[in-house]
Amino acid sequence: MKLTTRQFIHSEHPVTCRNCQNHFTGKICNKCGEKVFDEKQLSSGHFFHQIIDFFTHFESKVLKTIWLNIKKPGFITQQNLQGIRVKYANPIQLYLVVSVLFYFTVTKIGVTDYTPGYGDQKYHLLSDYATFKWAAPLDSAVIRGIDKMHLKYFEETRQHLLERFETVKDSATGLYRIRNFSNNDAAFVNKEQLYAIAGNEAQKLFLKSFDASVSTLSKTFIFVMLPFMAGLLFVFFFRSLKYYGAALVLATHFMVFNLCFFIMHCLVNWLPYRLWGEDFGSILFRPINPLFRGATGPYFEFLFGNSFAFFHFLFWMPWLFIAFKRIANKPWWFNLLASYICSRVFFFLLFGVLKKLLIAFTVWTMH
Ligand SMILES: [Zn+2]
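Since we're looking at a predicted model, the values are computed, not measured.

Colleague: I keep staring at the nonpolar core and nothing clicks. Help me out?
Modeller: The tendency in soluble globular proteins is for nonpolar side chains to be buried side by side. Within the largest apolar cluster, 71 residues are counted, with the highest numbers of intra-cluster contacts made by Ile222, Met229, Trp316, Phe346 and Leu350. Top contributing element to this core by residue count: helix H8 (residues 244–276), with 14 residues. When near neighbours in sequence (up to four residues on either side) are disregarded, Leu350 contacts Tyr114, Ile222, Met225, Met255, Asn258, Trp316 and Lys355. Within the second largest apolar cluster, 11 residues are counted, among which are Leu161, Val189, Leu194 and Ile197.

Written out as structure tokens, the structure reads:
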């Protein structure tokens, strides 16, 4: 290869780093990572070139990494753990990009199963599982705690509304008429009914404000489960992963895959509906639903819970199994068992624990 003057200078002659005064040869300072400076870099052409370069390079790198993470489960993780990193987007970049895509897809096109409704705190309890029956007091404590916060908000709002109602008392009947309340045009009500109306309104306001904040929070806070997921992965594969940080990388890559899947699922399920009003409903569930009826029902239910949970295991388990095979040197049955247990626990973390956390946090922030 013929060397140009510039390459020659950069690779052979020692240069002084403008940032840290280190003497080195090459294009990048081996002490602080600063690039060799050339005054030509101050030109406007170079500036615009850099902008274009940033986006195209970043995009192709991120897209490539996302695709590899779907196509070859565990491959990016393995490369990351071996120190081959420059070629790929790092786990945090990857997670951020994918969660922004997830946010916009589920907001603009579809819905997300990650958004709880108020009342969901009563489902997916730990004590629903036979082994964790003893945890029932914990579950009811969580529900009571949320109910208490809800009640506080409700009472405050109702009081506030009662103060704001402009009532006219009819001296003959002793009944009230609310002046500034549209739904109650001409009707006269007694004191009890006045309280009931305020209560109704307070509950409506509560649900409206709850839905608005929980929908944003639920799409942004999925990552809070990552440390717990990493913990479980580390329990199974601490010998191969060596560090908890490595388990965090694997958990993040798994979540990136999961969110990618949901983006695709959202497009398949909801885009036809948004475009043509065609209701495909839960088209992906249809082939699975019969498995949960009739003779196979109880076994499936014991192993996989409901069809909604099983649907998740259908794409989580293969990804985890292949990733485990790549990363750890364990027999296939161990990887299979680990992928099953991880899927089960992850499902509980995301739809049991996270939803309750989101509900509690949302109600708490509403005060
Ligand atoms: Zn330097």
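What follows continues from the structure just given.
Colleague: I would appreciate a short explanation of unusual backbone geometry in the present structure.
Modeller: Trans peptide bonds make up most of the peptide bonds, and negative phi angles are found at most residues other than glycine. Notably, His124 is not glycine yet its phi reads approximately 50 degrees, a positive angle. Turning to its location among the elements, His124 is positioned in the loop between helix H4 (91–108) and helix H5 (136–164). One non-glycine residue with positive phi stands out, namely Lys242, at about 65 degrees. Tracing the sequence through the fold places Lys242 in the loop between helix H7 (226–241) and H8.

Colleague: What's the story with H4 in this structure? I'm lost.
Modeller: Note: α-helices contain 3.6 residues per turn, so residues at a spacing of three or four share the same orientation. Along its 18 residues, H4 runs 25 Å from first to last C-alpha, staying within 8% of the 26 Å computed at 1.5 Å per residue. A distance of 3.0 Å separates the backbone nitrogen of Ile92 from a side-chain oxygen at the start of H4, and that oxygen is part of Asn90.

Colleague: Even after reading the chapter, I still don't get the pattern of salt bridges, so can you show me in this structure?
Modeller: Oppositely charged side chains can pair when the atoms bearing their charge come close. For the coordinates displayed, the defined rule picks out three salt bridges. Of the charged contacts, one joins Lys355 and Asp120 as a salt bridge, the two residues approaching to 3.9 Å between their closest N and O atoms. Of the two residues, Lys355 sits in helix H11 (residues 332–365) while Asp120 sits in the loop between H4 and H5, which places them 235 residues apart along the sequence. Classification of Lys355 as buried rests on a relative accessible area of 12%. On the basis of relative accessible area, Asp120 is assigned to the partly exposed category, the value being 25%. Ionic pairing is found between Glu155 and Arg158, a salt bridge with its closest N-O pair at 3.0 Å. Placement of both Glu155 and Arg158 in helix H5 is noted, with a separation of three residues, approximately one turn of the helix. The exposure class of Glu155 is partly exposed, given its relative accessible area of 37%.

Colleague: Sorry if this is basic, but what is going on with a nonpolar patch on the surface here?
Modeller: A surface patch of nonpolar side chains, about 660 Å² in accessible area, is lined by Phe47, Phe48, Ile51, Ile52, Phe54 and Phe55. Looking at the secondary structure, you find Phe47 in helix H2 (residues 44–71).

Colleague: What is the right way to look at the coordination of the zinc ion in this model?
Modeller: When four donors bind a metal tetrahedrally, each ideal donor-metal-donor angle is 109.5 degrees, and when six bind octahedrally, the ideal angles are 90 or 180 degrees. Bound to the zinc ion are the protein donor atoms Cys17 (SG), Cys20 (SG), Cys29 (SG) and Cys32 (SG), situated 2.2 to 2.4 Å from the metal. Around the zinc ion, the four donor atoms sit at angles spanning 103 to 112 degrees, and that spread fits a shape best called tetrahedral. Of note, the zinc ion draws all its donor residues from one chain, in the sequence arrangement C-x2-C-x8-C-x2-C. Pair noted here: Cys17 is in the loop between strand E1 (15–16) and strand E2 (23–24) and Cys29 is in the loop between E2 and H2, with a separation of 12 residues, a long-range link.

Colleague: Looking at this model, I keep getting lost on the packing of H5 against helix H6 (residues 191–220). Mind explaining?
Modeller: Packed helices, taken two at a time, are described by their axes: the angle between them and the distance between them. Contact geometry for H5 and H6: axes closest at 8 Å, N-to-C directions at 125 degrees. When the interaxial angle is binned, H5 and H6 end up oblique. Read as a crossing pair, H5 and H6 show a hand that is right-handed. Seen from H5, the contacting residues are His150, Tyr153, Phe154, Thr157, Arg158, Leu161 and Leu162; seen from H6, they are Leu194, Tyr195, Ala198, Gly199, Glu201, Ala202, Gln203, Leu205, Phe206 and Ser209. Its residues assigned to classes, the contact of H5 with H6 shows 10 nonpolar, five polar and two charged.

Colleague: Sorry, what's going on with the packing of aromatic side chains here?
Modeller: Here the distance between the centres and the angle between the planes together describe a pair of aromatic rings. Counted by the stated rule, this structure contains 37 aromatic pairs. For the cation-ring pair, Lys72 lies above Phe75, with the distance from its terminal atom to the ring centre recorded as 4.3 Å. In this structure, Lys330 is placed above the aromatic ring of Phe334, and the distance from its NZ or CZ to the ring centre is 4.6 Å.

Calculation notes
- Residues numbered from 1 in each chain as written.
- Predicted model: local features only at pLDDT ≥ 70, side-chain atom pairs only at ≥ 80, totals over all residues.
- Heavy atoms only, no water.
- Core = buried A, V, L, I, M, F, W, Y, C linked by side-chain atoms within 4.5 Å.
- Buried < 20%, exposed > 50% of the residue type's maximum accessible area, 1.4 Å probe, protein only.
- Helix = DSSP H or I, 4+ residues; strand = E, 2+ residues; numbered from the N terminus.
- Contact = heavy atoms within 4.5 Å.
- Expected span 1.5 Å × (residues − 1).
- Polar contact = N/O pair within 3.5 Å; in protein donor to acceptor, adjacent residues only side chain to side chain.
- Salt bridge = Lys/Arg side-chain N within 4 Å of Asp/Glu carboxyl O.
- Patch = residues over 30% accessible without salt bridge, like charges linked within 9 Å, V, L, I, M, F, W, Y side chains within 5 Å.
- Areas by Shrake-Rupley, 256 points an atom, 1.4 Å probe, with all protein chains shown as cover.
- Donors = N, O, S within 2.8 Å, 3.2 Å for Na, K, Ca; no water.
- Tetrahedral: all angles 85-135°; square planar, octahedral: opposite > 155°, others 65-115°.
- Axes fitted to C-alpha atoms, helices over the stretch in contact; angles between N-to-C directions.
- Parallel < 35°, antiparallel > 145°, perpendicular 65-115°, else oblique.
- Left-handed = near helix turned anticlockwise from the far one by under 90°.
- Nonpolar A, V, L, I, M, F, W, Y, C, P; charged D, E, K, R; others polar.
- Phe/Tyr/Trp six-rings, centres within 6.5 Å; stacked < 30°, edge-to-face > 60°.
- Lys NZ or Arg CZ within 6 Å of the ring centre and 35° of its normal.

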